[in-house]
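Residue-level structural notes
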Amino acid sequence: MGTEGEMAARAGVAGVVGIADAQVALTVLAAFTTSFAAAAPLMNKAPLLAAAELIEQFSRLVELNQVTAAHAIDTQNLAATGGIDTKFVWDAPVGRKSPYRRVQDLLIDRLRISRAAANRRVLLGRDLLPGWSPDGITEAPVYRALADAAADGAVSQETMNMAVRALNTVRVKATPEQMAGMETALAARARITDPDTLARDARERELQIDQQAGEPTAEEIAIRQGVHDHGMYRGLHHLEIFATQPQYEVLLTTMNTGTNPRTQSLEQRAMDQRTRPQKLLDALTGACGIALRGGELPETGGNRPQVLVTVDYQELFDKLVFGRRAGQFMFSGAVSAENVRELACNADLIPVVLGGAGEVLEQGRARRLHTRAQRLALIARDKGCSRPGCTMPAAWCECHHVKFWENNGVTNVRNGALVCTYDHHLLHEDFWKILMKQGIPYWLAPPEIDPSRTPRRNTYFNPPGPGAPETLPPIAAGPGSEASANAGADIRTGSAASSQAQPDSSTEAAEVLCKAQRAAAI
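Residues numbered from 1 in each chain as written. Predicted model: local features only at pLDDT ≥ 70, side-chain atom pairs only at ≥ 80, totals over all residues. Heavy atoms only, no water.

Comments concerning helix 6 (residues 144-151)
One turn of the α-helix equals 3.6 residues, which is why residues spaced by three or four share an orientation. The complete set of buried residues in helix 6 reads Leu146, Ala147, Ala149 and Ala150. Considered in projection along helix 6, the buried side chains sweep an arc of 160° and stay on one side of the axis. Those residues of helix 6 that are exposed and aimed more than 90 degrees away from the buried face are Arg144, Asp148 and Ala151. Positive backbone phi, at 75°, marks glycine 153, one or two positions downstream of helix 6. (Buried < 20%, exposed > 50% of the residue type's maximum accessible area, 1.4 Å probe, protein only. Helix = DSSP H or I, 4+ residues; strand = E, 2+ residues; numbered from the N terminus. Arc of directions from axis to C-beta.)

Pasting the structure below:
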């Protein structure tokens, strides 16, 4: 095998950290783990949060090293040498058969990890790390932008895996330019967002490239779609459902009425011992019973459980409903135009038109509570709680007056924002603020939460696009700073701000919407 120095020289790498150094690092980390476990319960807020961030950085560096090690084992084909003490497969004695069929089997055996973890590390290594050709020439990573984002350990393995899977999904149908654009965007987003938000963003970009992304074939629908009865066991019937996205959205819209926390008081919620799956089933069977008796479904979030589909105004104005454009469902996210048309034929479909930056083109009415129509407009724009990082769906949110009603705030969409009950209380404690720019709510956290004072938008429900940006410029501390920022210049950029050919009034938008509705009915 040779010494570590000889191995490093053969690999052409200077300053390789030896196993002894790694063992020292492991000892230090073990000591920190013991002391932190004892100190954490009594630590003050600031050092505890700082420690949590450092630990997350440790974790991501460890994950990066896991992928690096798995990739080195893979490229050296160590699975073929089995347990033989040799570096490369061609050094193995003739006739010695390895017990491992694939490199994943070796990783599972030696590292005691799951097959899913082994697969993830090997596949990420092949896509994000350099490879070597048989003649010893270094080959560039498949996804260079993502490789750069992963190189410093700033991005978790889970996030990288999400981005790589999305790129591999559209690879067979995308042009090189589309692939490069999607990879660059996901690499930038991976550094600043969480895996769940990145997954929704990736889904949006998949549909921009391939309107049929993830759509089952006719053969697969014929074989798998439907409700499958697997019989009864100990008094419980086992049903399995394979549904298309429009069908799934209808089911979610109905079942979520049973888990909406706004339909129960605190006392009722405390006494309700049902699990979430039980609540979903009760809501579904309850809706079916009501439908059988009177043809009506229960209400959700103040409105009947209708399916809301949001369509971008520019897309609607350019091509009405004839082009293959995507909309967005309230619960399950991005949807292809084919699915929108399917629902338009047999569902209570509510179309809402958005402006270039994502603002709703509508006129509010002066009253204390938001009307049903205004609530639907807020749902179309915000799609859920508007606070960054919150994933509460729109059906469970309340309509909040950005400028409080008691402070002469008007009741319309431009002065409204969807917020969950918890975040609604935060706003009324007057530490968090909402700044409205181009009809879009941006949240400003207290200085102790965000010292940079950067207003942010919720991108879980609204992935960044060419319209409204994800953040606004930081706001200087001082009296009246939020008010002056709220009254600042228009942030709309690009063609959405400068185009004169595009109508932008509510009347003209309504005319286009009417045309779209008539076209959808054809």
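Read on for the rest.
Let's talk about the nonpolar core
In terms of nonpolar packing, the biggest core is built from 24 residues, with Leu128, Tyr143, Leu146, Met160, Leu167, Met182 and Leu186 touching the most fellow members. Sorting the residues of this core by element identifies helix 5 (115-128), helix 6, helix 7 (157-170), helix 8 (176-190) and helix 9 (195-209) as the ones contributing at least two each. The residues contacting leucine 167, other than those within four sequence positions of it, are Tyr143, Leu146, Met179, Met182, Glu183 and Leu186. (Core = buried A, V, L, I, M, F, W, Y, C linked by side-chain atoms within 4.5 Å. Contact = heavy atoms within 4.5 Å.)

Examining the packing of aromatic side chains
For the structure on display, the rule yields four aromatic pairs. Pairing phenylalanine 32 with phenylalanine 58 gives two aromatic rings, centres 6.3 Å apart and planes at 90°, and the pair type is edge-to-face. Taken together, the residues phenylalanine 32 in helix 2 (residues 19-39) and phenylalanine 58 in helix 3 (residues 45-75) connect sequence positions 26 residues apart. Exposure remark for phenylalanine 32: the relative accessible area of 31% places this residue in the partly exposed category. (Phe/Tyr/Trp six-rings, centres within 6.5 Å; stacked < 30°, edge-to-face > 60°.)

Observations regarding the packing of helix 7 against helix 8
Where helix 7 contacts helix 8, the axes come no closer than 10 Å and their chain directions differ by 165°. Here helix 7 lies roughly antiparallel to helix 8, going by the angle between them. The way helix 7 lies across helix 8 gives a crossing that is right-handed. Contacts from Thr159, Met160, Ala163, Ala166, Leu167 and Val170 of helix 7 reach helix 8 at Met179, Met182, Glu183, Leu186 and Ala190. Class assignment for the residues of the contact of helix 7 with helix 8 results in nine nonpolar, one polar and one charged. (Axes fitted to C-alpha atoms, helices over the stretch in contact; angles between N-to-C directions. Parallel < 35°, antiparallel > 145°, perpendicular 65-115°, else oblique. Left-handed = near helix turned anticlockwise from the far one by under 90°. Nonpolar A, V, L, I, M, F, W, Y, C, P; charged D, E, K, R; others polar.)

Quick word on the packing of helix 3 against helix 4 (residues 103-111)
In contact at an axis separation of 10 Å, helix 3 and helix 4 are set at 130° when each is read in the N-to-C sense. With respect to their mutual orientation, helix 3 and helix 4 come out oblique. Where helix 3 crosses over helix 4, the handedness of that crossing is right-handed. When helix 3 is examined against helix 4, the residues Ala70, Ile73 and Asp74 are found in contact with a partner set consisting of Val103, Leu106 and Leu107. Here the contact of helix 3 with helix 4 is built from residues that sort into five nonpolar, no polar and one charged.

What to know about the pattern of salt bridges
Tallied over the full model, the rule gives 10 salt bridges. Notably, a salt bridge pairs aspartate 105 with arginine 115, separated by 2.9 Å at the nearest N-O pair. Here aspartate 105 is found in helix 4, whereas its partner arginine 115 is found in helix 5, with 10 residues between them in sequence. Since its relative accessible area comes to 17%, aspartate 105 is described here as buried. We classify arginine 115 as partly exposed; its relative accessible area is 40%. Salt bridges linked by common partners bring Arg189, Asp201, Arg205 and Glu470 together as one network. (Salt bridge = Lys/Arg side-chain N within 4 Å of Asp/Glu carboxyl O.)

Here we look at unusual backbone geometry
For glutamine 438, which is not glycine, the phi torsion reads 55° and is therefore positive. Here glutamine 438 is to be found in the loop between strand 11 (433-437) and strand 12 (440-444). Positive phi values are uncommon outside glycine, yet arginine 453 reaches one of about 55°. Residue class for arginine 453 comes out buried when judged on its relative accessible area of 9%.

So, helix 3
The end-to-end C-alpha distance of helix 3, which contains 31 residues, comes to 45 Å, matching closely the 45 Å that a straight helix rising 1.5 Å per residue would cover. What helix 3 keeps buried is the set Ala51, Val67, Ala70, His71, Ile73 and Asp74. At its buried positions, helix 3 is contacted by helix 2, helix 4, helix 5, strand 1 (131-132) and helix 7. (Expected span 1.5 Å × (residues − 1).)

What about the state of the cysteines?
Here a disulfide denotes one covalent bond, and it connects the sulfur atoms of two cysteines. Under the criterion given, the structure shown has zero disulfides. Unpaired in this structure, cysteine 385 has its nearest cysteine sulfur neighbour in cysteine 390, at a distance of 3.7 Å. Cysteine 385 sits in the buried class, given a relative accessible area of 0%. (Disulfide = S-S within 2.5 Å.)

Notes on the confidence of the model for the protein
Looking at the protein as a whole, the pLDDT averages 74, with 66% of positions reaching at least 70. Confidence over residues 1-15 falls short of pLDDT 50; this stretch has 12 contacts with residues more than four positions distant or in other chains. Here residues 316-325 is a poorly scored stretch, pLDDT under 50, and it has 30 contacts once near neighbours within four places are set aside; other chains count. (pLDDT = per-residue confidence, 0-100.)

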